[in-house]
Amino acid sequence: MQANDVFFLLMGLSALAFYMGRGRSLEIAGELRGIRNLHSLPNYYGYYTALWCGLPALLLLCLWIIVDDPVIIAVVMDSLPGEVLPSNSVEHTLLANKINNLAVGVLPSAGQSEVLISAAQQLRDLTQLSRWGMAATVLCLALIGLAWGRSFVAAKFRARQRVEKVVQYALFACACLAIFTTLGIVLSVLFESLQFFKSVPVDDFVLGLEWSPQTAIRADQVGSSGSFGAVPLFVGTLLVSVVAMCIAVPVGLMSAIYLAEYANRSVRAYAKPALEILAGIPTVVYGFFAALTVAPYLRDLGESFGLSVSSESALAAGAVMGVMIIPFISSLADDVITAVPQAMRDGSLAMGATHSETVRRVVIPAALPGIVAGIMLAVSRAIGETMIVVMASGMAANLTFNPLDSVTTVTVQIVTLLTGDQEFDSPKTLAAFALGLMLFIVTLILNIVALQVVKRFREQYE
Amino acid sequence: MQKTATLDADDMADSSIKSSVKVTNANPLDITDEHVTVGSYEVNNAKMSIKNVNVYYGDKQAIFDVSVDIGKNEVIAMIGPSGCGKSTFLRALNRMNDTVDGCRVEGDIRMDGQDLYSPKLDVVELRARVGMVFQKPNPFPKSIYDNVAYGPKIHGLADTRVDLDEMVERSLRRASLWDEVKDRLYQAGTGLSGGQQQRLCIARAIAVSPEVILMDEPCSALDPIATARIEELIEELSQNFTIAIVTHSMQQAARVSQRTAYFHLGKLIEVNPTEQVFTMPEHALTESYITGRFG
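Residues numbered from 1 in each chain as written. Chains lettered and ligands numbered in written order. Predicted model: local features only at pLDDT ≥ 70, side-chain atom pairs only at ≥ 80, totals over all residues. Heavy atoms only, no water.

### Here's the deal with the overall build of chain B
Next, step 1: Within chain B one finds 10 helices and 11 strands.
Next, step 2: Evaluated residue by residue, chain B yields a buried proportion of 55% over its 295 residues.
Next, step 3: Long-range contacts, defined here as pairs at least 24 residues apart, represent 68% of the contacts in chain B between residues at least 6 apart.
Next, step 4: A total accessible area of about 12600 Å² is found for chain B, and carbon and sulfur atoms account for 48% of it. (Helix = DSSP H or I, 4+ residues; strand = E, 2+ residues; numbered from the N terminus. Buried < 20%, exposed > 50% of the residue type's maximum accessible area, 1.4 Å probe, protein only. Contact = heavy atoms within 4.5 Å. Areas by Shrake-Rupley, 256 points an atom, 1.4 Å probe, with all protein chains shown as cover.)

Pasting the structure below:
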């Protein structure tokens, strides 16, 4: 019996427990003439019984699945004769894998030693035994839980509070999950980065002005060291993001003001969905739009003015990225502007302010915290955006502030470092993690600064 | 159509208030389309004069054929049950109804003889001359100083910072708020108590020196002490301003106003000197309302 079969059986049992708990409470209610004499509604007694039936059994099931394999492998390895056992732990694991593969049948048993074949047989038997044992124990626990939970059902029993307590813990567990996942990602990036910083000093990485991660395979080759100065990448990221925000913030904000304050209902009904369609275009589509349409056009335009524009320029990538971010800013800003109470507008209009004075002096200041928060989210998106930049702004790590040049960004470099066949102990690959960590720190600082700015300048209503 | 018979002005030359002849209905509690406003709805020294005004929200008519004058420097109270159109009527006087979708105003509203609904009229200028205080205090999310300075700034009333400071202080003094806030002028106006916020809104409204102040239930969100302060303030302000106040409290109408208008289901039933309205109302509906039979 597989674990998922047990799981579905358990769900079925819980459903049954729900009806039994509910039925029991209805029975009691019948004796007392009416469910008004129960403390909680019958459904709550049902949920309570179902929780007792399902929850402990489910926890046991999870525990069993986690502990199951390692324990069985350990038992099998212990029973092997001493002379077969290797001394070091790597080969120990290899042998365990071999036995496992034999047991599953991936590895044909022909030509293997007797000892291993019998070990594989033992492994199979033990696994079989464990599965049945798991099914029996879990279902037994579920039945005990059911009986236990049902025995609580009584007129004065506060099932409602108990169930809600469990719901509260479930919510807490979900919140923890999100936090621990983030923490896990950060830690894994951190450890890989530390690995990287063993071979490249931190200050070389953070302050270095040259980025060329190509390391030679043989030590005697030319350029075998590679250089890992991250500054050109961050300058490139900054450049592309600044270009993008220069387009996205004014256009997005003004379109939001138009939609929220001036547009009549029918314009709004068409314009908002149209903007949201813009948000739904995949970035890869924006990417080839930037690379094949905008970049050549900008190059030709630049030539007609006598400027030399690289055919993959920060300007092209930033401009298209800006267009991509417009709906993001405009939709968030539109929401916060609409949320400003009408009383604010009335107050201003009644003073003899015009509509635009009202928007400029009252509505926008009142909506500012939300607007800034939206812009910060948009900046984070711009920094993290990869596809457009890969396609439109090139791979050359030029240290330049000229938007007409070709630049590369942090995310683009992470992509190029990690795609294809890589060895995971060379600084070239590990650099990707260090870049990720830096990027994370930079966005974190940006967010904190933005929050402080908002706190300082917020004009609070209500 | 208004069917009030008004006596010839010459006959009433000695009185500043014209009086209408009382027309008795068969059943005074019935109001039909043929209703009649009783009492002295016209005055000689009218600041604003409203004639045959109808207000519609879409297809629904909210105000039916209302005619009334508001005298210079008088306080006129508008009372009546909820939903009777008092606020709608008030908002018609400074064209705040323009901001409501589907709202339409018909009839003739004049201030100093100038038609407020003429296409040539500048609404922005009108609202600077007819200020408004709302039911719920709505200070802007700015400092106390900036709240009061808002109007003078947008209308360019102060040439220098010193002028502006003076203007802010004067307005706050007139709203009897200065002593309470003079040490924290640059803190948020929203941090004040409800009563202080409402006085701040009054200070904000008088900072642009309007001629008329409309007050839409200015005390309904306030406690009795704050209410008393506002009422005192209204009395002081009435020396310089013409005030129209909508209120749910009959005691308040009695305390602050010289004349009282009673609205019922969008119709103006009776306008008379306040004392008369509360002691011997002309119309049976008014009497029922003030004696608490409905409302």
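### Concerning the overall build of chain A
Next, step 1: When you go through chain A residue by residue, the secondary structure sums to 15 helices and two strands.
Next, step 2: At 32 Å, chain A has a C-alpha radius of gyration far larger than the 23 Å of a compact globule built from 462 residues.
Next, step 3: Principal-axis analysis of the C-alpha atoms places the extent of chain A at approximately 80 × 80 × 35 Å.
Next, step 4: Every one of the 462 residues in chain A was classed for burial, and the buried ones make up 39%.
Next, step 5: In chain A, 71% of the contacts between residues at least 6 apart in sequence involve partners at least 24 apart.
Next, step 6: Here chain A displays about 25100 Å² of accessible surface, and carbon together with sulfur accounts for 67% of that area.
Next, step 7: Charge centroids of chain A, computed over 27 positive and 32 negative side chains, lie 18 Å from each other. (Rg over C-alpha atoms; globule rule 2.2 N^0.38 Å. Lys, Arg positive; Asp, Glu negative; His and termini not counted. Charge placed at Lys NZ, Arg CZ, Asp CG, Glu CD.)

### Focus on helix 3 (residues 144-155) of chain B
Next, step 1: With nine of its 12 residues buried, helix 3 of chain B lies for the most part within the structure.
Next, step 2: Buried residues of helix 3 of chain B: B:Ile144, B:Tyr145, B:Asn147, B:Val148, B:Ala149, B:Tyr150, B:Gly151, B:Pro152 and B:Ile154, and no others.
Next, step 3: Of the surrounding elements, those touching the buried residues of helix 3 of chain B are helix 11 (342-350) and helix 12 (355-384) of chain A together with helix 4 (161-174), helix 5 (178-181) and helix 6 (194-206) of chain B.
Next, step 4: At the C-terminal side of helix 3 of chain B, B:Gly156 shows a positive phi close to 65°.

### Topic: the side chain of A:Glu357
Next, step 1: Structurally, the position occupied by A:Glu357 is in helix 12.
Next, step 2: It is A:Arg360 that comes nearest to the buried, bridge-free A:Glu357 among opposite-charge side chains, at 5.1 Å.
Next, step 3: The contact partners of A:Glu357, leaving out residues within four places of it in the chain, are A:Gly352, A:Val362, B:Tyr150 and B:Ile154. (Salt bridge = Lys/Arg side-chain N within 4 Å of Asp/Glu carboxyl O.)

### Things to note about the confidence of the model for chain B
Residue and element names in this part refer to chain B.
Next, step 1: Looking at chain B, pLDDT values average 85 and 88% of them are 70 or higher.
Next, step 2: Strand 9 (residues 242-246) holds the highest mean pLDDT among the elements of chain B, 94, whereas strand 1 (residues 38-39) holds the lowest, 80.
Next, step 3: Throughout residues 1-26 the model reports pLDDT below 50, and contacts reaching past four residues in sequence, or to other chains, amount to 36 contacts. (pLDDT = per-residue confidence, 0-100.)

### Thoughts on the interface of chain B and chain A
Next, step 1: Across the boundary between the two partners, chain B contributes 27 residues, which contact 22 residues of chain A.
Next, step 2: Surface buried jointly by chain B and chain A totals about 1900 Å² across both partners, of which 59% is contributed by carbon and sulfur atoms.
Next, step 3: Area buried by chain B at its contact with chain A is led by B:Pro141, B:Tyr150 and B:Ile154, which between them contribute 31% of it.
Next, step 4: B:Arg91 serves as the salt-bridge partner of A:Asp346, at 3.8 Å between the closest nitrogen and oxygen.
Next, step 5: Our count for the contact surface shared by chain B and chain A stands at five residue pairs in polar contact (both at pLDDT 80 or more).
Next, step 6: Of all the secondary-structure elements, those providing two or more residues to the side of chain B that touches chain A are helix 2 (123-129), strand 7 (130-133), helix 3 and helix 6 of chain B.
Next, step 7: At five residues, the largest contribution of residues to the side of chain B that touches chain A is made by helix 3 of chain B. (Buried area = accessible area lost by both parts, 1.4 Å probe. Polar contact = N/O pair within 3.5 Å; in protein donor to acceptor, adjacent residues only side chain to side chain.)

### Quick notes on the pairing of strand 11 (residues 267-273) of chain B
Residues and elements named next belong to chain B.
Next, step 1: Burial within strand 11 is extensive, with six of its seven residues counted as buried.
Next, step 2: Pairing between strand 1 and strand 11: two bridges, direction parallel. Across the sheet, residue valine 38 finds its bridge partner in strand 11, namely glutamate 270.
Next, step 3: As defined by bridge partners, strand 10 (residues 259-264) adjoins strand 11 across six bridges and the pair is classed as antiparallel. Across the sheet, residue arginine 259 finds its bridge partner in strand 11, namely proline 273.
Next, step 4: Linking strand 10 back to strand 11 in an antiparallel pair, the connection comprises two residues, with leucine 265 at a positive phi of about 50°. (Pairing = 2+ DSSP bridges.)

### Considering the domain arrangement of chain A
Next, step 1: One can read the domain layout of chain A as domain 1 (3-157) and domain 2 (227-457).
Next, step 2: Inter-centroid distance (C-alpha atoms) of domain 1 of chain A to domain 2 of chain A is 50 Å. (Domains from an automatic or database assignment.)

### Side note on a nonpolar patch on the surface
Residue and element names in this part refer to chain A.
Next, step 1: A cluster of nonpolar side chains, Phe440, Ile441, Leu444, Ile445, Ile448, Val449 and Val453, forms an exposed patch at the surface whose accessible area comes to about 580 Å².
Next, step 2: Considering the arrangement of structural elements, one finds isoleucine 448 in helix 15 (residues 427-457).
Next, step 3: Among the residues examined, isoleucine 448 registers a relative accessible area of 47% and is labelled partly exposed. (Patch = residues over 30% accessible without salt bridge, like charges linked within 9 Å, V, L, I, M, F, W, Y side chains within 5 Å.)

### What about the environment of A:Val442?
Next, step 1: Looking at the secondary structure, you find A:Val442 in helix 15.
Next, step 2: Judged by its relative accessible area of 29%, A:Val442 is partly exposed.

### Section: the nonpolar core
Residues and elements named next belong to chain A.
Next, step 1: Within the largest apolar cluster, 72 residues are counted, with the highest numbers of intra-cluster contacts made by Phe196, Phe205, Trp211, Met321, Ile325, Ile388 and Leu435.
Next, step 2: In terms of residue count, helix 12 provides more of this core than any other element does, 12 residues in total.
Next, step 3: The contacts of leucine 435, once residues within four sequence positions are left out, are Phe205, Trp211, Ala230, Leu233, Phe234, Val410, Gln413, Ile414 and Leu417. (Core = buried A, V, L, I, M, F, W, Y, C linked by side-chain atoms within 4.5 Å.)

### Notes on the pattern of salt bridges
Pairs can form between side chains of opposite charge whenever their charged atoms are close.
Residues and elements named next belong to chain B.
Next, step 1: If you walk through the whole model with that rule in mind, you get 24 salt bridges over all chains.
Next, step 2: Put simply, lysine 47 and glutamate 211 hold a salt bridge, and the shortest N to O gap is 2.8 Å. Separated by 164 residues along the polypeptide, lysine 47 in strand 2 (residues 46-57) and glutamate 211 in the loop between helix 6 and strand 8 (212-216) bring together distant segments of the chain.
Next, step 3: Here lysine 47 falls in the buried class, since its relative accessible area comes to 5%.
Next, step 4: Take glutamate 211: its relative accessible area is 27%, and that puts it in the partly exposed class.
Next, step 5: For lysine 153, the salt bridge is made with aspartate 146, and the minimal N-O distance between the two is 3.5 Å.

### A short note on the packing of helix 2 (residues 42-79) of chain A against helix 5 (residues 159-199) of chain A
All names here are of chain A.
Next, step 1: Relative orientation of the contacting elements helix 2 and helix 5 amounts to 45°, with a least axis distance of 8 Å. Looking at the two axes, helix 2 sits oblique to helix 5. Considering the relative orientation of helix 2 and helix 5, their crossing is left-handed. Contacts between helix 2 and helix 5 pair Tyr44, Tyr45, Tyr47, Tyr48, Leu51 and Leu55 from the former with Ala159, Arg160, Arg162, Val163, Glu164 and Val166 from the latter. (Axes fitted to C-alpha atoms, helices over the stretch in contact; angles between N-to-C directions. Parallel < 35°, antiparallel > 145°, perpendicular 65-115°, else oblique. Left-handed = near helix turned anticlockwise from the far one by under 90°.)

### Section: the pairing of strand 8 of chain B
Residue and element names in this part refer to chain B.
Next, step 1: When you tally the buried positions in strand 8, you get five out of five residues, the bulk of the element.
Next, step 2: Residues Val212, Leu214 and Asp216 of strand 8 are buried on one face, and the alternating residues Ile213 and Met215, pointing to the opposite face, are buried as well.
Next, step 3: Here strand 7 runs beside strand 8; their pairing, made up of four bridges, is parallel. Across the sheet, glycine 131 pairs through a bridge with isoleucine 213, a residue of strand 8.
Next, step 4: As paired elements, strand 8 and strand 9 share five bridges and run parallel to each other. Residue pairing for strand 9: leucine 214 is matched across the bridge by alanine 244.

### Details of the packing of aromatic side chains
Aromatic rings considered in pairs are described by the distance between their centres and by the relative angle of their planes.
Next, step 1: Throughout the structure, instances matching the rule amount to 18 aromatic pairs over all chains.
Next, step 2: Relative to A:Trp148, the ring of A:Trp52 lies with its centre 6.1 Å away and its plane at 80°, an arrangement referred to as edge-to-face. With a gap of 96 residues between them, A:Trp52 in helix 2 and A:Trp148 in helix 4 (residues 114-152) connect regions that are remote in the sequence.
Next, step 3: Look at A:Trp52 and you get partly exposed, because its relative accessible area is 31%.
Next, step 4: Exposure remark for A:Trp148: the relative accessible area of 46% places this residue in the partly exposed category.
Next, step 5: For the pair B:Phe89 and B:Phe263, a centre-to-centre distance of 5.3 Å together with 45° between the ring planes defines the contact as tilted. With B:Phe89 in helix 1 (residues 86-93) and B:Phe263 in strand 10, this pair connects stretches of sequence that are 174 residues apart.
Next, step 6: B:Phe89 gets classed as buried once you look at its relative accessible area, which sits at 0%.
Next, step 7: Assessed through its relative accessible area of 0%, B:Phe263 is described here as buried.
Next, step 8: Connected via pairs of aromatic rings, a cluster forms that spans A:Tyr48, A:Trp52, A:Trp148, A:Phe152 and A:Phe157.
Next, step 9: In this arrangement the basic side chain of B:Arg104 is found over the ring face of B:Tyr56, its NZ or CZ atom lying 4.3 Å from the centre.
Next, step 10: Seen from the ring of B:Phe64, B:Lys267 lies directly overhead, with NZ or CZ sitting 4.7 Å from the centre. (Phe/Tyr/Trp six-rings, centres within 6.5 Å; stacked < 30°, edge-to-face > 60°. Lys NZ or Arg CZ within 6 Å of the ring centre and 35° of its normal.)

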